[in-house]
Amino acid sequence: MRAWQLERRRRTRHLIELGGLVVKAGIVDLTADNRAIIFGALLWMADKLQSEDAGHARLLWAGKGKDGFTAEGNEEQKSWRTLRCLARAAGGAEPSNIAALPAHEAVDSKL
């Protein structure tokens, strides 16, 4: 594969991940997928990050983000435990990890 193709794939994946964060935060639902509202909020964030309050905003938002990821990880752990219990209850073999599940049953933990 050519270098430009690899770079394009990396960029595309990065953009998809950023879009996933917008969805994960509930922004799409809260704004009824109104792109003007979403873009306006992002512009407000950019202004805030260029202001004298930038340091405070970064600390506040980083803390909220870490808390969100931690809560999500805890929910994922609960879901995984539930999956294992259901497999045992059904008399099936307990998968050792999420990758052991068939592709159509696996949930992408990134989104």
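The rules we used
Here the residue numbers are simple positions, counted from 1 along each chain's written sequence. Whole-chain, interface and lining totals are the exception, using all residues; otherwise, since this is a predicted model, local features are given only for residues with pLDDT of at least 70 and side-chain atom pairs are given and counted only at 80 or more. Side-chain numbers come from the whole structure's heavy atoms, not from hydrogens or water. Each helix corresponds to a stretch of at least 4 residues labelled H or I by DSSP, and each strand to a stretch of at least 2 residues labelled E; elements are numbered beginning at the N terminus. Burial classes: relative accessible area under 20% of the type maximum marks a residue as buried, over 50% as exposed, and values in between as partly exposed (1.4 Å probe, protein chains only). Only heavy atoms enter the contact rule, under which two residues are in contact if any of them lie within 4.5 Å. Residue burial considers only the protein chains on display, and all accessible areas are found by Shrake-Rupley using a 1.4 Å probe. By convention, a stacked pair of Phe, Tyr or Trp rings (six-membered ring in the case of Trp) has centres within 6.5 Å and planes under 30 degrees apart, an edge-to-face pair has planes over 60 apart, and any other such pair is tilted. For patches, a residue must show more than 30% relative accessible area and have no salt bridge; joins then use 9 Å for like charges and 5 Å for nonpolar side chains, namely Val, Leu, Ile, Met, Phe, Trp and Tyr. When a carboxyl oxygen of Asp or Glu lies within 4 Å of a side-chain nitrogen of Lys or Arg, that pair is called a salt bridge. Helix span, expected: 1.5 Å multiplied by one less than the number of residues in the helix. Every residue is assigned a pLDDT by the predictor, reflecting its confidence on a scale from 0 to 100.

**Q** Which residues make up the overall build of the protein chain, and what values go with them?
**A** Check the secondary structure of the protein chain and you find 4 helices and 0 strands. Listed by position from the N terminus, the elements making up the protein chain come as α-α-α-α. Counting every position in the protein chain, which comprises 111 residues, the buried fraction comes to 9%. In the protein chain, once contacts between residues fewer than 6 apart in sequence are set aside, the share between residues at least 24 apart is 22%. In the form shown here, the protein chain has an accessible surface area of approximately 9300 Å², with 60% of it arising from carbon and sulfur atoms.

**Q** I'd like a description of the packing of aromatic side chains, backed by residues and values.
**A** Given two aromatic rings, their pairing is described by the distance between the two centres and the angle made by the two planes. For the coordinates displayed, the defined rule picks out 1 aromatic pair. Ring plane angle 55° and centroid distance 6.0 Å describe the contact between tryptophan 44 and tryptophan 61, whose orientation is recorded as tilted. Here tryptophan 44, found in helix α3 (residues 35-49), pairs with tryptophan 61, found in helix α4 (residues 54-89); they are 17 residues apart in sequence, far enough to count as distant. Its relative accessible area of 52% is what places tryptophan 44 among the exposed residues. Residue tryptophan 61 is classed as partly exposed on the basis of its relative accessible area of 25%.

**Q** Could you give me a rundown of a nonpolar patch on the surface, with the residues and numbers involved?
**A** On the surface, a nonpolar cluster with roughly 520 Å² of combined accessible area is contributed by Phe39, Leu42, Leu43, Trp44 and Met45. Relative to the elements of secondary structure, leucine 42 occurs in helix α3.

**Q** Now, about the pattern of salt bridges: what can you tell me, with residues and values included?
**A** Under the definition given, this model contains 5 salt bridges. Glutamate 72 serves as the salt-bridge partner of lysine 24, at 2.8 Å between the closest nitrogen and oxygen. In this pair, lysine 24 is assigned in helix α1 (residues 3-24) and glutamate 72 in helix α4, connecting sequence segments 48 residues apart.

**Q** Quick rundown of α1? Include the residues and the values.
**A** Relative to the 32 Å expected for 22 residues at 1.5 Å per residue, α1 spans 31 Å between its end C-alpha atoms, a close match to the ideal helical length. A positive backbone phi angle near 85° is found at glycine 26, which sits one or two residues after α1.

**Q** Help me get a handle on the confidence of the model for the protein chain, residues and values and all.
**A** Counting all residues, the mean pLDDT for the protein chain is 82, and 71% of those residues have values of 70 or more. Considering each helix and strand of the protein chain separately, the mean pLDDT is smallest for α4, with a value of 81, and largest for α3, with 97. In the predicted structure, residues 102-111 sits below a pLDDT of 50 and forms 6 contacts with residues beyond four places in sequence or in another chain.

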